[in-house]
Amino acid sequence: MSDTPTILSLRHVGKTFDVQGRKIEALRDANLDVKRGEFVCLLGASGCGKSTLLRIVAGFETASSGDVLMWNRPIEGPDPTRGMVFQDYGLFPWLTVRDNIGFGPASRRRPSREVKETADHFIDLVGLGKFADVYPHQLSGGMKQRVAIARVLANEAEMVLMDEPFGALDAMTRERLQDELLDLWDRTKLTVLFVTHSIEEAVVLSNRVIVMSAGPGRIDSDITVDLPRPRDVSSQDFNELRRSLSGKLHSHHGKVAA
């Protein structure tokens, strides 16, 4: 992807929180480039700053130092071009699946026919055609997450930011949604920045794994995942990479910010 343009750049990014008068440095000197169409995983234990970094990219938090750029322009707040998918789905319970997915275009006052066509397109894309008129409480966890992803796509996102989106799901549903996400990524050519603490999930999904360490949060390693897709979790190459990443994570165990 050497000729592919860079969509996201972080330069010497740091974040310090003021907690009851005490300064907590959550992130220090983070440098990262993500090219358009890449699937990049941020991997690390709790407290390493990966979710803080993702929220800075989303525009929900402001960096205390450094530069955060999308298409070489500073990120100064939330924007629909960077869509966030949370572990708890974040759906509006009073709206149907179709209305949840069409919420972004409707908020921008697109014509109602266009809103419906857009919503229906992404409903079909995530395989929820039979559930267009039901409400979130009538869906399984996996279906809710598909709605959340479709809502981001319908809002014309160029980059999807995912904060452990499958963490609350059972193992079988998680594996199925990983496959569906990869299929969707392959068809749409979206850029994905995905936070996880699961080594296997990172290796299954990503082109690159960014290993983060705590105390304060730093980017420790940038590992290219050069394995054929679909990835065989039982293969020797897969497990060698998994062991290597496990060793890097365990070397940071216990290094938590003071």
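Described in the following lines is the structure provided in the data block. (Residues numbered from 1 in each chain as written. Predicted model: local features only at pLDDT ≥ 70, side-chain atom pairs only at ≥ 80, totals over all residues. Heavy atoms only, no water.)

### As for the environment of Arg73
Here is the rule we go by: Numbering of helices and strands starts at the N terminus; helices are DSSP runs of H or I of at least 4 residues and strands are runs of E of at least 2. The buried label goes to any residue with under 20% of its type's maximum accessible area, the exposed label to any with over 50%, and the partly exposed label to all in between, with areas taken from a 1.4 Å probe on protein chains only.
Structurally, Arg73 can be placed in strand 5 (residues 73-74). Residue Arg73 is classed as exposed on the basis of its relative accessible area of 64%. The spacing of Arg73 and Ile7 is 66 residues in sequence and 9.8 Å in space, taken between C-alpha atoms.

### Thoughts on the sheet that holds strand 9 (residues 208-213)
Operational definition: Between any two strands, at least two bridges found by DSSP are needed for them to pair. Fitting a line to C-alpha atoms yields each axis, with helices limited to the stretch in contact; the angle taken between N-to-C directions then spans 0 to 180 degrees.
Spatially, the six strands line up as an open sheet ordered 6-7-8-3-9-10, and their pairing is mixed. At either end of the open sheet lies a strand with only one pairing partner, and these are strand 6 (82-85) and strand 10 (218-224). Along the sheet, successive strands turn relative to each other by an average axial angle of 20 degrees, direction set aside. Relative to strand 10, strand 9 is paired through six bridges, and the arrangement is antiparallel.

### A few points about the packing of helix 5 (residues 141-154) against helix 6 (residues 171-188)
What counts, and what does not: Roughly parallel refers to an angle under 35 degrees, roughly antiparallel to one over 145, roughly perpendicular to one between 65 and 115, and oblique to any angle outside these ranges. Note on convention: near helix rotated counterclockwise from far helix by under a right angle means a left-handed crossing. Clockwise means right-handed. Contact definition: two residues touch when any of their heavy atoms are within 4.5 Å. Classification used: nonpolar for Ala, Val, Leu, Ile, Met, Phe, Trp, Tyr, Cys and Pro, charged for Asp, Glu, Lys and Arg, polar for all others including Gly.
For the pair helix 5 and helix 6, the least separation of the axes is 10 Å and the interaxial angle reads 20 degrees. As far as their axial angle goes, helix 6 and helix 5 are roughly parallel. By crossing handedness, the relation of helix 5 to helix 6 is classed as right-handed. Where helix 5 approaches helix 6, its residues Gly142, Gln145, Arg146, Ile149 and Leu153 are matched on the opposing element by Thr173, Leu177, Glu180, Leu181 and Leu184. Tallied by class, residues from the contact of helix 5 with helix 6 come to five nonpolar, three polar and two charged.

### Quick notes on helix 4 (residues 112-125)
Applicable threshold: What a helix should span is 1.5 Å times the count of its residues minus one.
A rise of 1.5 Å per residue sets the reference length of helix 4, with its 14 residues, at 20 Å; its end C-alpha atoms lie 20 Å apart and thus fit the reference within 8%. Those residues of helix 4 that are buried are in contact with helix 2 (97-101), helix 3 (103-107), helix 5 and helix 6. Positive phi appears at Gly127, one or two residues downstream of helix 4, with a value of about 70 degrees.

### Brief notes about the nonpolar core
Counted only if it meets this: Working definition of a nonpolar core: buried Ala, Val, Leu, Ile, Met, Phe, Trp, Tyr and Cys residues. They are joined through side-chain atoms within 4.5 Å.
Phe39, Ile101, Leu153, Met162, Phe194, Val203 and Leu245 are the most contacted members of the largest nonpolar core, which has 52 residues in total. Ranked by residue count, the leading element in this core is helix 5, at eight residues. Apart from the residues within four sequence positions on either side, Leu245 is in contact with Leu43, Ile199, Val203, Val209, Val211 and Ile223.

### Looking at the side chain of Arg82
Condition: We count Lys and Arg on the positive side and Asp and Glu on the negative side, and we leave His and both chain ends out. Between Lys or Arg on one side and Asp or Glu on the other, a salt bridge is scored when a side-chain nitrogen of the former is within 4 Å of a carboxyl oxygen of the latter. Polar contacts, as used here, are pairs of N or O atoms within 3.5 Å; protein pairs need one atom able to donate a hydrogen and one able to accept it. Residues neighboring in sequence count only if both atoms are side-chain atoms.
Position of Arg82 relative to the elements: it lies in strand 6. No salt bridge is formed by the buried Arg82; its nearest oppositely charged neighbour, Asp79, is found at 4.8 Å. Here Ala58 takes part through its backbone oxygen, which lies 3.3 Å from a polar atom of the side chain of Arg82. The contact partners of Arg82, leaving out residues within four places of it in the chain, are Val57, Ala58, Gly59, Met70, Ile75, Gly77, Met159 and Leu161.

### Some details on the pattern of salt bridges
Counted according to the given criterion, the structure contains 20 salt bridges. One salt bridge in this structure joins Arg11 and Asp33, with 2.9 Å as the shortest N-O distance. Here Arg11 is found in strand 1 (residues 6-19), whereas its partner Asp33 is found in strand 2 (residues 22-35), with 22 residues between them in sequence. Using a relative accessible area of 30% as the deciding quantity, one classes Asp33 as partly exposed.

### What about the sheet that holds strand 1?
The strand order across the open sheet built from four strands is 2-1-4-5, with neighbouring strands paired in antiparallel fashion. Strands with a single pairing partner mark the edges of an open sheet, and in this sheet they are strand 2 and strand 5. Where strand 1 and strand 4 (residues 65-70) come together, five bridges link them in antiparallel fashion. Bridging from a neighbouring strand, Leu8 pairs with Met70 of strand 4. Taken strand by strand, helix 1 (residues 50-58) contacts strand 1, strand 2 and strand 4, and its axis lies near 115 degrees from that of strand 1.

By themselves, these observations are geometric and do not establish any function.
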